[in-house]
Amino acid sequence: MPENMKQAVVYQIYPKSFSSHRQQATGDLLGVVDRLDYLAWLGVDYLWLTPFYCSPQKDNGYDVSDYYRIDPAYGSMADFELLLAEARRRGIGIMLDIVVNHTSTEHAWFRQALKGRDNFYRDFYIWRDQPNNWQSKFGGSAWAFEPESGQYYLHLFDQTQADLNWENPQLRQAVFEMMRFWADKGVAGFRLDVINLISKDPAFSEDDSDGRHFYTDGPRVHEYLQQMHREVFAGRELLTVGEMSSTSLAHCIDYSRPERRELSMTFNFHHLKVDYPQGKKWQLGRFDFVGLKRIMSDWQQGMHAGGGWNALFWCNHDQPRVVSRFGDEGQYRQVSAKMLATALHGLQGTPYLYQGEEIAMANPAFQHIEELRDVESLNAYQQLLASGLDRTQAMAVIRQKSRDNSRTPMQWDSSRFAGFSQTQPWLRLADDAGYINVASALADPDSVLHHYRRLIALRKQYRVLADGDYHCLTPEHPSLWVYTRRSAAEMLLVISHFGAEAQSYRLPEGVIPEGWQAELLLSNYPAPAVGWQWQLRPWHSLLYRLTPP
């Protein structure tokens, strides 16, 4: 893994919505090239690009039909090679999104698999004469009937996304060969989509559940990742992160402990389910703040003790905007966005920053289902109607939970299409693009954007952000998250107020060793008076560094 991993920051780009060099409805690779100076100014070390391979776009590129070709909508291989070179010239590495739990049913492998049960590629996929009761994560059965052969194929996601059979060694070799192709081009890392689902229970057992515990962190997944490491990662300075669906802390320690030679780090999503009532995503719900702190604290302490490594994130292409979700998208948008940034970036792990998060883009408040494009959201809307909700009620849920909340075009300036393009974008712009945009934020030294830039710089300056242990001081407080990070030579104190009501807070005796000196590194309000007691304003955040005398 790269030497700088523990002090690096990754910026995630959803190319379809980032910037259109060709001034079309969708973004492209040259649009990313156009914005590299901005990203270098921000200080990020890696760019993770979501899939831009050839795809029928049933799931916005996560249904790959050719791993070796770039979809013409995004440009050409020459464009990608230019992006690699220009990013490298600015000290930025490019990370590719690798989707190998499934392919599109339009992939050549699957088309060949349809030619008969004895075909070489038939065993690249998972077939059964009778389906079990496993459910797709997009709703309905996880099995689709193929009439020519009379068998069912597994699809844990959309029906057009057929699951690959990792039990087949020829399939594994084909995947590793493809990954080496991109590594040889000079990419700096890989993000591995739902990689902990690739090993299924070979008996395809079932019970009264949706089946996920029969394939989540499956029986051979660590074996497969260790083989991937040997055949693709070994000898290369690659940053590798696995997206882990419904995973466990124990597994993520094993996935990311360096001596096991699997991955550099893991994404887990437990902290982003604290607004799922009774664990159900497609219901309106307020978030459980105490539960959020408990989950974050458990993972901070557990990964540190076990030698694993966290990927830190609030937002990505599959999640609503955090300022709408856990902050205040109205009067306190800027201060709450800064507070959320400080709370996350003070933790141990590698921070991931999703496009638009650095300017506090909010959910776009979709009004009509026709405005959405996400297959999961469209399916959920129909299921909500079938469950008895009326259109207004169903739309309220979709408005809060949809993945399209994060996929609206990046807001660069106050022009008609926000500097994204000169053409009506594929997904409508948020109404606030006229005043929430990069140009406005660059011009304001007190903006959320400048706050993020300072946080990124601090991670490179102070080693305690990488090495320090974690201790939460307010586990049960209804609005305060106060924690320390401590190494042998220095200490951090992070105070975050999740709420609009004023709060007072006094630091408990003994937290700060006697005689240690405090330096305020960052706050979203003017500096308070010196002392260990604070009158906290709405959505207040403070980051202190403490050093011995």
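For the structure given in this document, a descriptive report is provided here. (Residues numbered from 1 in each chain as written. Predicted model: local features only at pLDDT ≥ 70, side-chain atom pairs only at ≥ 80, totals over all residues. Heavy atoms only, no water.)

**Quick look at the overall build of the chain**
When you go through the chain residue by residue, the secondary structure sums to 15 helices and 22 strands. Relative to its length of 549 residues, the chain is compact, with a C-alpha radius of gyration of 23 Å against a globular reference of 24 Å. Taken along the three principal axes of its C-alpha coordinates, the chain extends 75 × 55 × 50 Å. Across the 549 residues that make up the chain, the buried fraction comes to 61%. (Helix = DSSP H or I, 4+ residues; strand = E, 2+ residues; numbered from the N terminus. Rg over C-alpha atoms; globule rule 2.2 N^0.38 Å. Buried < 20%, exposed > 50% of the residue type's maximum accessible area, 1.4 Å probe, protein only.)

**Some remarks on the side chain of His497**
Tracing the sequence through the fold places His497 in strand S18 (residues 491-497). Overall, the relative accessible area of 1% leaves His497 in the buried class. Beyond its immediate sequence surroundings of up to four residues, His497 is in contact with Met339, Ser479, Leu480, Gln503, Leu536, Arg537, Pro538, Trp539 and His540. (Contact = heavy atoms within 4.5 Å.)

**Side note on the sheet that holds strand S20 (residues 517-523)**
Two orientations exist for strands paired in a sheet by backbone hydrogen bonds: parallel and antiparallel. Ordered in space as S16-S17-S18-S22-S20, the 5 strands form an open sheet in which the pairing is antiparallel. One side of each edge strand has no neighbouring strand; the edge strands of this open sheet are strand S16 (469-472) and S20. The average angle at which neighbouring strand axes cross in this sheet is 20 degrees, direction not considered. Relative to S18, strand S17 (residues 480-486) runs antiparallel, the two sharing 7 bridges. Residue pairing across strands places Val482 opposite Ile495, the latter belonging to S18. The strands touched by helix H10 (residues 333-345) are S17, S18, S20 and strand S22 (541-547); relative to S18, the strand with the most contacts, the crossing angle is about 145 degrees. (Pairing = 2+ DSSP bridges. Axes fitted to C-alpha atoms, helices over the stretch in contact; angles between N-to-C directions.)

**Here's the deal with the pairing of strand S2 (residues 46-49)**
Along S2, one buried face is formed by Tyr46 and Trp48 and the opposite face, lined by Leu47 and Leu49, is buried too. Across 4 bridges, strand S1 (residues 10-13) lies against S2 in parallel orientation. In the strand pairing of S2, Ile13 is matched with Leu49. Taken together, the 4 bridges between S2 and strand S5 (residues 93-98) define a ladder with parallel strand orientation. For Trp48, the partnering residue across the bridge sits in S5 and is Met95.

**Section: unusual backbone geometry**
Positive phi, normally seen in glycine, also occurs at Gln278, with a value near 50 degrees. Tracing the chain through its elements places Gln278 in the loop between strand S13 (265-267) and helix H8 (289-306). Of note, Ala365 is a non-glycine position whose phi angle comes to about 60 degrees, a positive value. Within the secondary structure, Ala365 sits in the loop between strand S15 (350-354) and helix H11 (375-386).

**Points about empty space enclosed by the protein**
Taken as a whole and judged by the stated rule, the model has 3 cavities of 30 Å³ or more. For the largest cavity, the full set of lining residues is Asn268, His271, Ile295, Met296, Trp299, Gln300, Asn310, Ala311, Leu312 and Phe313. Counting only elements with at least two residues in the lining of the largest cavity, the list comes to H8 and strand S14 (311-312). It is H8 that provides the largest number of residues to the lining of the largest cavity, a total of 4 residues. (1 Å grid on protein atoms, 1.4 Å probe; cavity = no way out; pocket = protein on both sides within 12 Å on 5 of 7 lines; lining within 4 Å. Points joined across faces, edges and corners; volume = space filled by probe spheres on them.)

**Comments concerning the packing of helix H3 (residues 77-89) against helix H5 (residues 169-185)**
For the pair H3 and H5, interaxial distance at closest approach is 11 Å and the crossing angle is 50 degrees. With respect to their mutual orientation, H3 and H5 come out oblique. Facing Met77, Phe80, Glu81, Leu84 and Arg88 of H3, the residues of H5 in contact are Phe181, Trp182 and Lys185. Looking at the contact of H3 with H5, its residues break down into 5 nonpolar, no polar and 3 charged. (Parallel < 35°, antiparallel > 145°, perpendicular 65-115°, else oblique. Nonpolar A, V, L, I, M, F, W, Y, C, P; charged D, E, K, R; others polar.)

**Looking at the packing of aromatic side chains**
Applying the stated criterion to the full structure yields 46 aromatic pairs. Ring geometry for Phe52 against Phe80: centres 5.4 Å apart, planes inclined by 40 degrees, an arrangement best described as tilted. Taken together, the residues Phe52 in the loop between S2 and strand S3 (53-54) and Phe80 in helix H3 connect sequence positions 28 residues apart. A relative accessible area of 1% places Phe52 in the buried class. Clustering of aromatic rings is evident, with ring pairs tying together Phe52, Tyr53, Tyr67, Tyr68, Phe80, Trp109, Phe120, Tyr121, Phe124, Phe181 and Trp182. (Phe/Tyr/Trp six-rings, centres within 6.5 Å; stacked < 30°, edge-to-face > 60°.)

**Details of the nonpolar core**
Formed by 152 residues in total, the largest nonpolar core has its most connected members in Tyr11, Leu47, Phe190, Tyr352 and Trp481. The element best represented in this core is H5, accounting for 8 residues. Once residues lying within four places of it in the same chain are set aside, the contact partners of Leu47 are Tyr11, Ile13, Val32, Leu36, Leu39, Ile92, Gly93, Ile94 and Met95. Counting 16 residues, the second largest nonpolar core, distinct from the first, contains Val482, Leu493, Trp534 and Leu536. (Core = buried A, V, L, I, M, F, W, Y, C linked by side-chain atoms within 4.5 Å.)

**As for helix H12 (residues 391-401)**
Looking only at H12, the buried set comprises Ala394, Met395, Val397, Ile398 and Lys401. Projected onto a plane normal to the axis of H12, the buried residues spread over an arc of 155 degrees and lie on a single side. Its buried side turned inward, H12 meets H11. (Arc of directions from axis to C-beta.)

**Let's talk about the layout of surface pockets**
There is about 980 Å³ of room inside the largest pocket. Lining the largest pocket are 36 residues; nearest its centre among them are Lys137, Arg212, Tyr276, Lys281 and Glu376. Ranked by the residues each element gives to the lining of the largest pocket, the list is headed by H11, at 4 residues. For the lining of the largest pocket, the class distribution of residues is 11 nonpolar, 12 polar and 13 charged. When residues of the lining of the second largest pocket are traced back to their parent elements, those giving at least two are helix H9 (322-325) and H12. Ranked by residues supplied to the lining of the second largest pocket, first place goes to H12 with 3 residues. Residue composition of the lining of the second largest pocket, by class: 10 nonpolar, 6 polar and 6 charged.

**Remarks on H11**
Along its 12 residues, H11 runs 17 Å from first to last C-alpha, staying within 8% of the 16 Å computed at 1.5 Å per residue. Among the residues making up H11, those that are buried are Val375, Glu376, Ser377, Ala380, Tyr381 and Leu384. On the buried face of H11, the contacting elements are H12. Measuring from the side-chain oxygen of the N-cap residue of H11 to the backbone nitrogen of Glu376 gives 3.3 Å; that N-cap residue is Asp374. (Expected span 1.5 Å × (residues − 1). Polar contact = N/O pair within 3.5 Å; in protein donor to acceptor, adjacent residues only side chain to side chain.)

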